[in-house]
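So you can see what is in the structure, the chains are spelled out below.
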Amino acid sequence: MKNIVPRIAAIHDISGFGRASLTVIIPILSNMGFQVCPVPTAVLSTHTGGFKDFQFIDLTPQLQGYINHWKSLDLKFDAIYSGFLGSEEQIDIVREFFKDFKREDQLKVIDPVMGDDGKLYQTVTDGMVKGMKHLISEADVITPNITEASFLLDREIPTTITDEEIKEWLKELATMGPIFTVITSVPNEFKDKSTSTVAYNSKDNRYWKVTCDYIPAFYPGTGDMFTSVLVGSLMQGDSLPIALDRAQHFVSLAIRATFGFEIPHREGVLLERVLDSLKAPVTSTSYELM
Ligand code: PXL
């Protein structure tokens, strides 16, 4: 039987305060018409970006029992979307999850959440980076930011990068398995002016790019918002460049809705103010073929 409302297994942490991970993924994907079923990897009092002394409860010991119950229920997922993991051991558990819940016509997305702005997050170890390099072979779509792409490829984090160079990065990541490879927060050659999101479809060998005005502000959780909209858009039947466009413009809108207020950046963007824009049809696009 087909799921009446398409169903997504979302393997991420839940951070109680700060608008990241499941607290943005669930509202976005619900709003786009999907049932989100969380597989919580860790519980944190806040996300790790800009808070000290946050509580971090690693759910590794509970995870297998949680998943075993789902297996006994024979649950069927139209998509599996994983992100922030709590430990090295979880890499193997997540790999098994992708295998155990595999279905035809299922979208498998891995956001290799490991770091941003040139650094790994506080809870991410070298072993997790190593494991992630293998885990991404399970995915149809991966969405690292430029920092995560650098760690996956063992390359220096660039301050600027040319189109030709980033196309090489995309192609190299694609050899690790995914069909659609996306890299976000790509610093353009004239960094202060704009930032781009780029993508490669290994099936048709085409590269895409969406460029946005650079806003001099960094908000945690925007990567989770980006990938959530990308997942929702692909599941609604959009093409890769349209999904890329919708995701990038949604994040830009959320940042712009927030930037005019003096709110601490660690609280994230005002998602609630822009969530309904996801219901609007696409009326303009700005993607380019690279
Ligand atoms: O947004 C990615 C993310 C997810 N989960 C946790 C984080 C972050 C980014 O800071 O700290 C716990």
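The rules behind the values
- Residues numbered from 1 in each chain as written.
- Predicted model: local features only at pLDDT ≥ 70, side-chain atom pairs only at ≥ 80, totals over all residues.
- Heavy atoms only, no water.
- Helix = DSSP H or I, 4+ residues; strand = E, 2+ residues; numbered from the N terminus.
- Rg over C-alpha atoms; globule rule 2.2 N^0.38 Å.
- Buried < 20%, exposed > 50% of the residue type's maximum accessible area, 1.4 Å probe, protein only.
- Contact = heavy atoms within 4.5 Å.
- Areas by Shrake-Rupley, 256 points an atom, 1.4 Å probe, with all protein chains shown as cover.
- Lys, Arg positive; Asp, Glu negative; His and termini not counted.
- Charge placed at Lys NZ, Arg CZ, Asp CG, Glu CD.
- Patch = residues over 30% accessible without salt bridge, like charges linked within 9 Å, V, L, I, M, F, W, Y side chains within 5 Å.
- Salt bridge = Lys/Arg side-chain N within 4 Å of Asp/Glu carboxyl O.
- Pairing = 2+ DSSP bridges.
- Axes fitted to C-alpha atoms, helices over the stretch in contact; angles between N-to-C directions.
- Near = heavy atom within 4 Å.
- Polar contact = N/O pair within 3.5 Å; in protein donor to acceptor, adjacent residues only side chain to side chain.
- Right-handed = clockwise from strand over helix to strand, strands pointing away.
- Expected span 1.5 Å × (residues − 1).
- Arc of directions from axis to C-beta.

Enquirer: I keep staring at the overall build of the protein chain and nothing clicks. Help me out?
Expert: If you tally the helices and strands in the protein chain, you get 9 helices and 12 strands. Against the 2.2 N^0.38 benchmark of 19 Å for 290 residues, the protein chain shows a C-alpha radius of gyration of 18 Å, consistent with a compact globule. Once the C-alpha set of the protein chain is aligned to its principal axes, its extents read approximately 50 × 45 × 40 Å. Split into buried and exposed, the 290 residues of the protein chain put 54% on the buried side. Pairs at least 24 residues apart make up 69% of the contacts formed inside the protein chain by residues separated by at least 6 positions. Counting only carbon and sulfur atoms, one obtains 52% of the accessible surface of the protein chain, whose full area is about 13,300 Å². Put simply, the protein chain has 27 plus and 38 minus side-chain charges, and the middle of one group is 4 Å from the middle of the other.

Enquirer: Just to check I follow, could you spell out a nonpolar patch on the surface for this structure?
Expert: On the surface, Ile14, Val43 and Ile57 cluster together to form a nonpolar patch covering roughly 200 Å² of accessible area. On the basis of relative accessibility, which here comes to 32%, the residue isoleucine 14 falls in the partly exposed class.

Enquirer: So what exactly am I meant to see when it comes to the sheet that holds strand β9 (residues 180–187) here?
Expert: Picture the strands of a sheet paired through backbone hydrogen bonds; they go either parallel or antiparallel. Ordered in space as β3-β2-β1-β4-β5-β8-β9-β10-β11-β12, the 10 strands form an open sheet in which the pairing is mixed. Looking along the sheet, the strands with just one partner apiece sit at the ends: β3 (56–58) and β12 (288–289). Inspection of the sheet shows strand β5 (residues 107–110) paired to strand β8 (residues 141–142) by 2 bridges, in the parallel sense. Within β8, the residue paired with isoleucine 110 across the bridge is isoleucine 142. Sitting on the sheet, helix α1 (residues 22–31) touches β1 (7–17), β2 (35–46) and β4 (79–82), and the angle it makes with β1 is about 140 degrees.

Enquirer: Help me understand unusual backbone geometry in this model?
Expert: Comment: phi is negative for the bulk of residues other than glycine, and the bulk of peptide bonds are trans. One non-glycine residue, aspartate 154, lies in positive phi territory at about 55 degrees. By the secondary structure assignment, aspartate 154 is in the loop between α5 (146–153) and α6 (163–174). Of the residues examined, aspartate 154 reaches a relative accessible area of 61% and is grouped as exposed.

Enquirer: Just to check I follow, could you spell out the site of the ligand for this structure?
Expert: The full set of residues close to the ligand is Asp13, Ser15, Ala20, Leu44, His47, Thr48, Gly49, Phe84, Val113, Tyr121, Gly221 and Asp224. One of the side-chain nitrogen or oxygen atoms of threonine 48 is found 2.7 Å away from an oxygen atom of the ligand. Aspartate 224 is positioned with one of its side-chain polar atoms (N or O) 2.6 Å from an oxygen atom of the ligand. Here the ligand has 310 Å² of accessible area as a free molecule, and 97% of this is covered by the chains.

Enquirer: Just checking my understanding: could you explain the pairing of β2 for this structure?
Expert: Successive residues of a regular strand alternate their side chains across the two faces of the sheet. Relative to β2, β1 is paired through 9 bridges, and the arrangement is parallel. From the neighbouring strand, histidine 12 faces β2, where its bridge partner is proline 40. Read as a crossover between parallel neighbours, the route from β1 over α1 to β2 is right-handed. In the sheet, β2 pairs with β3 via 3 bridges, with the strands oriented antiparallel. Within the sheet, the bridge partner assigned to valine 43 lies in β3 and is isoleucine 57.

Enquirer: Would you explain the pairing of β4 in this entry?
Expert: Covered by surrounding structure in β4 are Ala79 and Tyr81 together with Ile80 and Ser82, the residues of both alternating faces. Bridge analysis of β1 against β4 gives 4 bridges, and the strand direction is parallel. When the sheet's bridge partners are listed, isoleucine 8 is paired in β4 with alanine 79. The pairing of β4 with β5 spans 4 bridges and is classified as parallel.

Enquirer: Can you help me understand α1 in this one?
Expert: Each α-helix winds once per 3.6 residues, and so residues spaced three or four apart point in a common direction. Among all positions of α1, only Leu22, Val24, Ile25, Ile28, Leu29 and Asn31 are buried. Where α1 ends, the next residue or the one after it, glycine 33, has phi of about 100 degrees, a positive value.

Enquirer: Would you explain α6 in this entry?
Expert: Between its first and last C-alpha, α6 extends 16 Å over 12 residues, near the 16 Å set by a 1.5 Å rise per residue. Within α6 the residues assigned to the buried category are Ile166, Lys167, Trp169, Leu170, Leu173 and Ala174. Down the axis, α6 shows its buried residues gathered within 155 degrees of arc, on one side only.

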